[in-house]
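Close look at the chain arrangement
In case you want the letters, here they are:
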Amino acid sequence: MGAACAALGKREHGRMRRVLPLVLATAAASVPAQDAAAVLARLSLAEKAGQVLMVWSLSRAEGQASARARILRQVEELGLGGVVLSLGPTEDAVAWAGELQAASTLPLLLAGDFESGCGFRLSGAADLGKAMLLGAAGDERLTHAAAEATAQEARAMGFHWNFAPVLDVNVNPANPIINVRSFGEDPQLVARLGAAYVRGLRAGGVLSTAKHFPGHGDVATDSHLAMPTVSGDRARLDAVELLPFRAAVAAGVDAVMTGHLAVPALGETVGVPATLSPKISTDVLRGELGFRGIVVTDALDMGGVKGEHEGGEVAVRALLAGADVLLMPPDPARARAALVEAVEAGRVPRARLDEAVGRVLRAKEAAGLLRGAGRPSPDWRAVVGPAHAALAQEIARRGLTLVRDRDGLVPLAATDRAAAIVVEVFDNADAIATPGGGLAGLLEIADGVALHPKSPAADIAAAAERVRASSRPIVAWHVRVRAYSGRIGIAEAFSPLVAALRQHEGAIAVSFGNPYLLREFASVSTYLCAYETTAWTEQAVADALRGRTAVTGRLPITIPDLATRGCGASRWPLPTVSLPHGEPEALGFAPELVEHVRTCLEGAVADHAFPGAVCAVARRGTVVATVAVGRETYAADAPAVRADSKFDLASLTKVCATLPATLRLCAAGKLSLDTRVAELLPDFVGPGKDRVTVRHLLTHSAGLVSWLPLFRTCEGKEAVVRAAIDEGLRTEPGTDTVYSDLGLILLMACLERASGRDFGALVRDEVFAPLGMAHAGFGVAGTEIAGAVPTEACKWRSRVLRGEVHDENAFAMGGTSGHAGLFATADDVLRVGCVFLAGGCGYLPPALAQVAIQRAELPPGSSRALGWDTFVAGGSGGSKLGANAFGHTGFTGTSIWCDPATDLCVVLLSNRVHPTRVNAKIKEVRRRLHDLVVGDLR
């Protein structure tokens with residue numbers, strides 16, 4: 001039937017392609033079920049040898065009549081076990097799958113290299129993103145979803161086996177063939193996402209393949225061209241290369257593909273690749289790792305294995321080494337004959353061949369092939385391509401990584417967009433016409449040019465000159481992994497453009513492929529990594545540059561001397577009404593996060609650490625947990641604390657009101673961080689005071705004392721400010737860190753002088769309104785903040801405080817101050833943290849927002865940033881936050897901690913001072929809570 005179909009004219013052939021899948025699906029029910037063991041028992045030696053062979057075929061029909069006829073002959077005459085289909089339209093692939101199955105006596109295993117989705121090989125299917133894009137997102141749920149969608153598409157089109165995931169740990173920047181095909185350089189990340197991918201393929205009903213065993217990541221040679229050698233001792237191999245494969249075996253991976261790699265540390269001589277090594281393919285893989293599935297070789301026509309042996313001998317040696325499927329032998333007929341001859345001569349035990357064929361037949365049985373299933377689905381078009389567009393879009397956005405944004409160019413200001421030019425550089429001429437091309441068009445920038453290596457030298461030189469002349473050039477590089485090229489870098493033809501980019505510190509570079517390209521233009525201001533070119537990654541880059549979408553990816557590899565693994569700046573639009581909410585699992589948390597937080601806080605209530613509390617957790621600007629526990633007081637009939645209960649923030653006022661107001665005035669040019677206090681407050685005189693700046697006040701390095709009971713002698717804001725101005729310095733500015741409320745009282749006065757507005761009105765207009773802090777406000781003396789929980793039973797005021805500021809100096813000032821006095825909900829505080837995590841969200845310039853959260857080194861070694869404190873293990877942030885985390889605490893039992901490495905913000909509001917401040921249990925609660933939340937991140 002297959003041969004007859006191949007001989008049809010074009011019109012009849014096209015008709016058969018359309019109807020054949022439907023015919024096969026309809027007829028499947030009439031095919032009698034076969035048992036793998038029974039099939040094995042009736043196969044001849046030659047038929048068994050055929051079952052372990054898989055050949056490769058183009059899916060494309062056009063111009064392939066003779067090649068297809070050859071493949072059909074091999075299927076019919078050699079009794080092949082399977083065929084790998086690649087490169088062509090989905091329509092052709094589905095029709096060809098049907099023809100191949102019809103031509104085979106035993107159903108074929110049809111496989112594909114669908115590493116980034118079926119669209120990686122078949123046009124019209126979903127291209128969901130390279131492994132490194134998923135690695136940058138770092139989300140098991142998303143990785144599982146990508147694998148499951150790939151499996152669903154593959155299965156619908158009649159495929160049963162995906163040669164993915166790639167589990168190579170790409171620790172070598174010079175690796176020319178793995179690169180973005182790897183999840184990254186962290187073995188734990190590769191293991192975690194690889195296992196998720198395996199589970200996703202299983203959920204979609206397709207066989208999975210861990211490759212390239214024992215690990216192709218730390219080499220600088222393409223095994224398509226020659227055999228690389230993996231260096232490192234056995235301990236290193238166990239910790240890096242083998243770790244992801246162990247995880248995949250534990251996750252139930254169906255197959256492992258061996259690489260054409262020399263691995264001396266595994267006991268094999270340098271000249272023997274893993275594919276032909278019993279010590280590696282059997283002793284290590286099956287013996288040590290306990291793998292019981294299919295061992296499949298990498299393509300046997302690759303330079304890394306052809307070496308000293310002809311094709312038939314390579315096939316025999318691979319089978320003896322432990323392979324069950326021999327992929328793409330150069331001459332399938334010779335390979336089958338060599339296998340038969342080797343068995344007949346006793347060189348290959350019949351049991352070894354039977355073992356291999358048995359695994360192949362059981363895989364066919366599991367795929368439903370032995371009972372007539374596993375054919376293309378009649379409704380495959382409903383499953384393939386557009387059905388997974390939303391997932392492809394999410395992956396592209398979630399993985400997009402802002403590796404560097406030194407001058408805060410993302411998102412582009414309106415003036416930058418108006419002045420921008422776009423130069424796109426493709427690694428070959430054909431790529432320019434791919435769907436999704438045209439970043440300039442997506443950005444709506446008229447001035448754009450596209451180049452490829454064979455573009456006229458004059459065009460490349462002209463583009464370089466335009467980059468030099470532009471105030472905001474955007475240069476996008478489409479440099480992909482290409483087998484048999486032996487390199488993955490920028491073509492020599494583009495040297496003038498690279499030189500121009502190196503000389504332009506205000507440029508934006510985008511990599512739609514190899515992330516290591518930053519080494520070619522290390523001084524560039526902004527560097528975005530999209531990891532590959534698809535319509536979705538180009539749209540994600542355009543949306544990020546225009547400020548329309550979040551950027552939250554983290555670099556999964558190290559770019560030597562320029563960027564460390566895990567780095568990346570976050571950007572997301574400023575929420576105007578409410579923060580988005582999502583399920584913990586969707587943001588990479590354990591599903592039990594809310595339950596864990598509640599248990600922790602309820603335990604703290606039972607231990608009388610506080611009567612009640614609210615904890616809010618956000619990741620990537622999305623709220624994943626808001627937990628309210630306890631009551632407003634310890635009384636049994638007291639009202640329950642609610643998610644929208646207001647708390648006295650105490651010193652969180654410094655970072656939730658005073659700091660953002662200061663930075664807004666800096667951005668508006670009304671003062672700077674280095675403005676001297678004496679310029680704004682002329683009465684601030686005395687030894688050393690003329691050198692005190694706004695920066696010193698924010699970093700608590702001005703030399704002021706920590707605290708004075710000004711409320712005992714002063715009444716009213718002016719009196720308290722006057723007393724703070726008159727207080728002398730205890731140390732020289734910038735030489736010591738002493739946490740000082742007086743400094744923030746003085747800063748409040750500076751802001752009033754610089755803006756010409758009352759501090760309360762300034763903060764309302766410049767902070768609360770633009771950030772949507774709808775419930776935030778200061779408690780004005782003589783009034784009560786509605787909805788506020790009680791704080792201390794104040795001896796000085798002889799009453800339980802509810803809705804009036806707890807801090808005595810702030811109370812003496814009328815309730816409004818720069819160091820304390822603010823009341824707010826957890827949602828209000830969360831918004832502040834999210835803005836700083838995301839580089840200002842358009843509310844603050846990214847560069848200014850970034851400066852605020854970094855250690856100011858005033859003096860050197862101080863943990864203080866601008867307003868914020870930074871993470872010290874064992875402090876209020878616990879022990880598991882990242883090294884660049886920033887946060888603050890409030891005396892009343894409040895805190896906020898933010899971790900840029902994970903885009904995490906945790907807010908805890910409590911009234912731990914009720915009924916008395918003599919209660920320090922909050923310290924341990926804070927540490928335990930933050931460690932718990934970070935521990936629930938996957």
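Check the entry above for the structure.
Residues numbered from 1 in each chain as written. Predicted model: local features only at pLDDT ≥ 70, side-chain atom pairs only at ≥ 80, totals over all residues. Heavy atoms only, no water.

Glancing now at the overall build of the protein chain. When helices and strands are counted, the protein chain shows 33 helices and 27 strands. The C-alpha atoms of the protein chain give 33 Å as radius of gyration, which agrees with the globular expectation for 938 residues (30 Å, within 12%). Across its three principal axes, the protein chain shows a C-alpha extent of roughly 105 × 70 × 55 Å. Classification of the 938 residues of the protein chain by burial places 61% in the buried group. Entry remark: accessible area of the protein chain is about 32,500 Å², with carbon and sulfur atoms responsible for 53%. The distance from the centre of the 94 positive side-chain charges to the centre of the 98 negative ones in the protein chain is 1 Å. (Helix = DSSP H or I, 4+ residues; strand = E, 2+ residues; numbered from the N terminus. Rg over C-alpha atoms; globule rule 2.2 N^0.38 Å. Buried < 20%, exposed > 50% of the residue type's maximum accessible area, 1.4 Å probe, protein only. Areas by Shrake-Rupley, 256 points an atom, 1.4 Å probe, with all protein chains shown as cover. Lys, Arg positive; Asp, Glu negative; His and termini not counted. Charge placed at Lys NZ, Arg CZ, Asp CG, Glu CD.)

Once that is clear, we can look at unusual backbone geometry. Residue P165 follows A164 across a cis peptide bond; omega there is 15 degrees. Here P165 shows up in the loop between strand 6 (161-162) and helix 9 (187-204). With omega at -10 degrees, the peptide bond leading from L858 into P859 counts as cis. Its place among the elements puts P859 in the loop between helix 32 (846-853) and strand 24 (869-870). Look at R620: it is not a glycine, yet its phi comes out positive at around 55 degrees. Locating R620 in the fold gives a position in the loop between strand 17 (612-619) and strand 18 (622-630).

Take the pattern of salt bridges next. A full pass over the atoms with the stated rule returns 61 salt bridges. Where R141 meets D139, a salt bridge forms, and the shortest distance between an N and an O atom there is 3.9 Å. Its relative accessible area of 3% is what places D139 among the buried residues. Residue D644 pairs with R642 through a salt bridge whose shortest N-O separation is 2.9 Å. Residue D644 is classed as partly exposed on the basis of its relative accessible area, which comes to 40%. Salt bridges sharing partners connect three or more residues here, namely R286, D324, R352, E355 and R359. (Salt bridge = Lys/Arg side-chain N within 4 Å of Asp/Glu carboxyl O.)

Time to look at the sheet that holds strand 13 (residues 448-451). If you trace the six strands from one edge of the open sheet to the other, you get 11-16-15-14-12-13, paired in mixed fashion. Unpaired on one side and paired on the other, strand 11 (401-405) and strand 13 mark the two borders of the sheet. Strand-to-strand twist in this sheet, taken as the mean axis angle between neighbours without regard to direction, amounts to 15 degrees. Its contacts with the sheet place helix 21 (residues 495-503) against strand 12 (420-426), strand 13, strand 14 (472-478) and strand 15 (508-511), and it is angled at close to 135 degrees to strand 14. (Pairing = 2+ DSSP bridges. Axes fitted to C-alpha atoms, helices over the stretch in contact; angles between N-to-C directions. Contact = heavy atoms within 4.5 Å.)

Secondary-structure assignment places A628 in strand 18. Spatially, the C-alpha atom of A628 lies 60 Å from that of E465, the residues being 163 residues apart in sequence. Beyond its immediate chain neighbours, meaning those up to four positions away, A628 contacts R598, A613, V614, V641, R642 and A643.

As a further point, take the pairing of strand 17. Most of strand 17 is tucked away: eight of the eight residues are buried. Residues G612, V614, A616 and A618 of strand 17 are buried on one face, and the alternating residues A613, C615, V617 and R619, pointing to the opposite face, are buried as well. Note that strand 17 and strand 18 share eight bridges and pair antiparallel. Counted as the bridge partner of R619 is T622 from strand 18. Counting the residues in the hairpin turn of strand 17 and strand 18 gives two residues, including R620, whose phi is positive at 55 degrees. Bridging between strand 17 and strand 27 (residues 904-910) involves seven bridges; their strand directions are antiparallel. Across the sheet, the residue bridging to C615 is L908, located in strand 27.

The relation between two aromatic rings is expressed through the spacing of the ring centres and the mutual angle of the planes. For the structure shown, the criterion picks out 13 aromatic pairs. Arranged with centres 5.1 Å apart and planes meeting at 70 degrees, the rings of W161 and F163 form a pair that is edge-to-face. Here the aromatic rings of W868 and F886 are separated by 4.9 Å at their centres, their planes lie at 70 degrees, and the arrangement is edge-to-face. Linking W868 in the loop between helix 32 and strand 24 with F886 in strand 25 (residues 886-890), this pair joins segments that are 18 residues apart in sequence. W868 sits in the buried class, given a relative accessible area of 0%. Three or more aromatic residues joined by ring pairs make a cluster, and in this case those are W477, F494, F521 and Y527. Above the ring of F891, the side-chain terminus of R912 is found at 4.6 Å from the ring centroid. (Phe/Tyr/Trp six-rings, centres within 6.5 Å; stacked < 30°, edge-to-face > 60°. Lys NZ or Arg CZ within 6 Å of the ring centre and 35° of its normal.)

Between helix 17 (residues 389-399) and helix 22 (residues 535-545), the least distance of the axes is 8 Å, while the angle of their chain directions is 50 degrees. When the axes of helix 17 and helix 22 are compared, the pair comes out oblique. Both helix 17 and helix 22 take part in a crossing whose hand is right-handed. Residues A389, A392, Q393, A396 and R397 of helix 17 form the contact with helix 22, whose own contacting residues are W536, T537, A540 and D543. Here the contact of helix 17 with helix 22 is built from residues that sort into five nonpolar, two polar and two charged. (Parallel < 35°, antiparallel > 145°, perpendicular 65-115°, else oblique. Left-handed = near helix turned anticlockwise from the far one by under 90°. Nonpolar A, V, L, I, M, F, W, Y, C, P; charged D, E, K, R; others polar.)

A separate point is the sheet that holds strand 2 (residues 82-86). Reading across the sheet, the five strands line up as 6-4-2-1-10 and stay open at both edges, with parallel pairing between neighbours. With partners counted over all chains shown, the strands left at the sheet margins are strand 6 and strand 10 (326-327), one partner each. Note: strand 1 (residues 53-58) against strand 2, five bridges, orientation parallel. Within strand 2, the residue paired with W56 across the bridge is V84.

Here we come to the state of the cysteines. Here the structure, examined in full by the defined rule, presents zero disulfides. Among the cysteines around C529, which has no disulfide bond, C567 carries the closest sulfur, lying 8.7 Å off. Lacking any disulfide linkage, C615 is separated from the closest cysteine sulfur, that of C600, by 8.2 Å. (Disulfide = S-S within 2.5 Å.)

What follows concerns the side chain of R181. Checked against the element boundaries, R181 lands in the loop between strand 6 and helix 9. Within the structure, R181 has its side chain in polar contact with the side chain of E115 (distance 2.8 Å). (Polar contact = N/O pair within 3.5 Å; in protein donor to acceptor, adjacent residues only side chain to side chain.)

A separate point is the nonpolar core. Where a protein is soluble and globular, its nonpolar side chains tend to be buried together. Judged by nonpolar contacts, the single largest core of 143 residues is most densely connected at L100, W477, L497, F521 and Y527. Those residues within four positions of F521 in sequence are excluded, and the remaining contacts are W477, I490, L501, R502, A509 and Y527. By size, the runner-up hydrophobic cluster in this structure holds 86 residues, among which are F684, L751, F768 and A849. (Core = buried A, V, L, I, M, F, W, Y, C linked by side-chain atoms within 4.5 Å.)

For helix 20 (residues 457-469), built from 13 residues, the straight-helix expectation of 18 Å at 1.5 Å per residue is met to within 8% by its first-to-last C-alpha distance of 19 Å. Here helix 20 has its buried residues at I460, A463, A464 and V467. All buried residues of helix 20 lie within an arc of 100 degrees about the axis, which places them on one face of the element. Opposite the buried face of helix 20, at more than 90 degrees from it, the exposed residues are A458 and A469. (Expected span 1.5 Å × (residues − 1). Arc of directions from axis to C-beta.)

All right, on to the side chain of T622 then. Structurally, the position occupied by T622 is in strand 18. Here T622 falls in the buried class, since its relative accessible area comes to 14%. Ignoring anything within four residues of it in the chain, the contact list for T622 reads P580, H581, G582, L587 and V617.

A separate point is the packing of helix 5 (residues 65-78) against helix 15 (residues 332-344). The N-to-C vectors of helix 5 and helix 15 enclose an angle of 15 degrees; their axes lie 11 Å apart at closest approach. The angle between helix 5 and helix 15 falls in the class roughly parallel. Handedness of the crossing formed by helix 5 with helix 15: right-handed. Contacts from Q74, E77 and L78 of helix 5 reach helix 15 at P332, A333 and R336. Taken together, the residues of the contact of helix 5 with helix 15 break down into three nonpolar, one polar and two charged.

Here we come to the environment of L72. Tracing the sequence through the fold places L72 in helix 5. Along the sequence, L72 and Q503 sit 431 residues apart, while their C-alpha atoms lie 57 Å from each other.

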